[in-house]
Amino acid sequence: MKIEMLDYRRFFRNRFELLFRHNDMDGSDAGDGSAIGLRELCEILAADDESFPRHYDRDIRRLCGHEANIWFRDERSYGDVARLVTRLLEARSGGNTRPSGFWVSEVLHCNSPIDAMRSPTAANGGLNRA
């Protein structure tokens, strides 16, 4: 069975909702017929430029925390959300509740999706030079 990009986006939205409503960091039990996890979907969608639906703004605000206004300055894509979620998942797997510093700015203003998926210390030597 071939999975289309529309399916990946739907699976991502389902797992994104589980992340914020039930603190489920994997989401493979989303009930949508796919066992693909959130982290893998983030990798698949990291470069996707399709606009992310605005009705998730409340969850995006929770994701971005004190940097939420940066998110709302521009139209954002699935790739933007996937890279932010990847950074959040990395922080949580390291025992933190969320990434530190101006992580949303770093992810959204990077030159490539690969740079954004790296930790802040790898991306800029540990210092925020913005």
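Note that this is a predicted model, so its numbers are computed, not measured. (Residues numbered from 1 in each chain as written. Predicted model: local features only at pLDDT ≥ 70, side-chain atom pairs only at ≥ 80, totals over all residues. Heavy atoms only, no water.)

(A) Looking closely at the overall build of the protein chain. The helix and strand tally for the protein chain stands at eight helices and zero strands. Going residue by residue from the N terminus, the α and β elements of the protein chain occur as α-α-α-α-α-α-α-α. For the protein chain, the residues scored as buried account for 43% of the 130 residues in total. The contacts in the protein chain between residues at least 6 apart in sequence include a share of 63% that link residues at least 24 apart. Accessible surface computed for the protein chain: about 7,300 Å², of which carbon and sulfur atoms make up 47%. (Helix = DSSP H or I, 4+ residues; strand = E, 2+ residues; numbered from the N terminus. Buried < 20%, exposed > 50% of the residue type's maximum accessible area, 1.4 Å probe, protein only. Contact = heavy atoms within 4.5 Å. Areas by Shrake-Rupley, 256 points an atom, 1.4 Å probe, with all protein chains shown as cover.)

(B) Spotlight on the packing of aromatic side chains. Counted by the stated rule, this structure contains seven aromatic pairs. Within the aromatic cluster, the residues linked to one another by ring pairs are F12, F16, F52, Y56 and Y78. The ring of Y78 has R9 lying over it, and the distance from NZ or CZ to the ring centre is 5.7 Å. The aromatic ring of W71 is capped on one face by R76, whose charged end is 5.9 Å from the ring centroid. (Phe/Tyr/Trp six-rings, centres within 6.5 Å; stacked < 30°, edge-to-face > 60°. Lys NZ or Arg CZ within 6 Å of the ring centre and 35° of its normal.)

(C) A look at helix α5 (residues 78-93). Between its first and last C-alpha, α5 extends 22 Å over 16 residues, near the 22 Å set by a 1.5 Å rise per residue. Of all 16 residues making up α5, 13 are buried, and the element is well covered by its neighbours. N-capping of α5 is provided by S77, with a side-chain oxygen placed 3.3 Å from the backbone N of G79. (Expected span 1.5 Å × (residues − 1). Polar contact = N/O pair within 3.5 Å; in protein donor to acceptor, adjacent residues only side chain to side chain.)

(D) Structural context of the nonpolar core. Counting 30 residues, the largest nonpolar core has F12, F16, L63, L84 and V85 as its most contacted members. Sorting the residues of this core by element identifies α1 (5-22), α2 (38-45), α3 (57-64), α4 (68-71), α5 and α6 (103-108) as the ones contributing at least two each. At seven residues, the largest contribution of residues to this core is made by α5. The contacts of F12, once residues within four sequence positions are left out, are L38, L41, C42, L45, F52, Y78, V81, A82 and V85. (Core = buried A, V, L, I, M, F, W, Y, C linked by side-chain atoms within 4.5 Å.)

(E) Structural detail: the environment of L63. Inspection of the secondary structure assignment puts L63 in helix α3. The buried category is assigned to L63, whose relative accessible area is 1%. Along the primary structure L63 and L88 are separated by 25 residues, whereas in three dimensions their C-alpha atoms are 8.0 Å apart. With residues up to four places along the chain from it excluded, the contact list for L63 reads F16, F20, L84, V85, L88, R98 and W103.

(F) Up close: the side chain of S105. Residue placement: S105 occurs in helix α6. There is a polar contact of 2.8 Å between the side chain of S105 and the side chain of E67. Each residue touching S105, except ones within four places of it in the same chain, is listed here: E67 and I70.

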